[in-house]
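Chain residues, written in single-letter form:
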Amino acid sequence: IGDCIVDDYIFCDPIGMSAEDPVIVVRPQSTERFVGGASIVAEHAHALGARAHYFSVLGDDAAGAFVRERASKTGVHNHLFADVTRPTTIKQRFLANGRKLLRVSYLEERAISDTLTDQLVSAVEERVRDLDLIVLSDFSYGVTSPRLRERVCALAKQHGVRVTADVQCSSQIATVTRYKNIDLITPTE
């Protein structure tokens, strides 16, 4: 359960420095697109042999369509909900000669609505008897809101399901201190 991210890597040829501004000028040559965040966590779990379920929220946009198309081919059981008020999170990385020059992030850092939270929790609740572990993959983009964490953790405890938190806290506002009474926290620094 968590934040969906689309990772774009834009490979560029360096041209030089701009004459007008002190900036590097590059020419994009190719782009590679991947799923990241909770999406890739679910795919890795499936690749390791787990019967994985993935719960997330996407924007109603081209990046969301990419995630849905990819999800339909992975073998992961996907429970993806659309939110027309936010974009699917995209992180674009511009690289030249093997070095990252710039990252541009298209994202919202606000909790999903109560309605979407209720839909996600209901989807988890329908399947909780089949789960051994819940991974909360938190990149601070709003899917793992306080309300969702509280309700999912209570549901897991009620059914004897272990809960772990994969918390990205190196560059965002995330903190491991928001996770209490769970089985394992794996901070990403």
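For clarity, every value in this text was computed on a predicted model and none was experimentally measured.

**Quick word on the overall build of the chain**
And step 1. Regarding its fold elements, the chain presents four helices and nine strands.
And step 2. Each helix and strand of the chain, placed in order from N terminus to C terminus, yields the pattern β-β-α-β-α-β-β-β-α-β-α-β-β.
And step 3. If one aligns the C-alpha atoms of the chain with their principal axes, the spans along those axes are about 65 × 35 × 30 Å.
And step 4. Considering the chain as a whole, with its 189 residues, one finds that 44% of them fall into the buried category.
And step 5. Summarising the internal contacts of the chain: among those between residues at least 6 apart in sequence, 64% fall at separations of at least 24.
And step 6. Total accessible area on the chain stands at roughly 10,300 Å², and carbon and sulfur atoms take up 51% of it.
And step 7. A gap of 3 Å separates the mean positions of the 22 positive and 25 negative side-chain charges of the chain.

**Quick notes on the side chain of T144**
And step 1. Structurally, T144 is set in the loop between β7 (133-138) and α4 (146-159).
And step 2. Of the polar contacts made by the side chain of T144, one reaches the side chain of D138; its length is 3.1 Å.
And step 3. Setting aside its immediate chain neighbours within four residues, T144 contacts I1, G2, D3, L136, S137, D138, R149 and Y179.

**Things to note about the nonpolar core**
And step 1. By size, the foremost hydrophobic cluster in this structure holds 27 residues, and its most contacted members are I1, L120, I134, L136, L148, V152 and V163.
And step 2. Counting residues per element, the ones that place at least two in this core are β3 (53-59), α3 (114-127), β7, α4 and β8 (162-168).
And step 3. Listed in part, the 14 residues of the second largest apolar core include C4, A42, A52 and L58.

**What to know about the layout of surface pockets**
And step 1. Considered as a void within the structure, the largest pocket measures approximately 430 Å³ in volume.
And step 2. Lining the largest pocket are 18 residues, and of these A45, R51, A52, H53 and L133 lie nearest its centre.
And step 3. Listing elements by their share of the lining of the largest pocket, those giving two or more residues are α1 (38-47), β3 and β7.
And step 4. Partitioned by chemical class, the residues of the lining of the largest pocket number 13 nonpolar, two polar and three charged.
And step 5. As a volume, the second largest pocket reaches approximately 200 Å³.

Definitions and limits used
Residues numbered from 1 in each chain as written. Predicted model: local features only at pLDDT ≥ 70, side-chain atom pairs only at ≥ 80, totals over all residues. Heavy atoms only, no water. Helix = DSSP H or I, 4+ residues; strand = E, 2+ residues; numbered from the N terminus. Buried < 20%, exposed > 50% of the residue type's maximum accessible area, 1.4 Å probe, protein only. Contact = heavy atoms within 4.5 Å. Areas by Shrake-Rupley, 256 points an atom, 1.4 Å probe, with all protein chains shown as cover. Lys, Arg positive; Asp, Glu negative; His and termini not counted. Charge placed at Lys NZ, Arg CZ, Asp CG, Glu CD. Polar contact = N/O pair within 3.5 Å; in protein donor to acceptor, adjacent residues only side chain to side chain. Core = buried A, V, L, I, M, F, W, Y, C linked by side-chain atoms within 4.5 Å. 1 Å grid on protein atoms, 1.4 Å probe; cavity = no way out; pocket = protein on both sides within 12 Å on 5 of 7 lines; lining within 4 Å. Points joined across faces, edges and corners; volume = space filled by probe spheres on them. Nonpolar A, V, L, I, M, F, W, Y, C, P; charged D, E, K, R; others polar.

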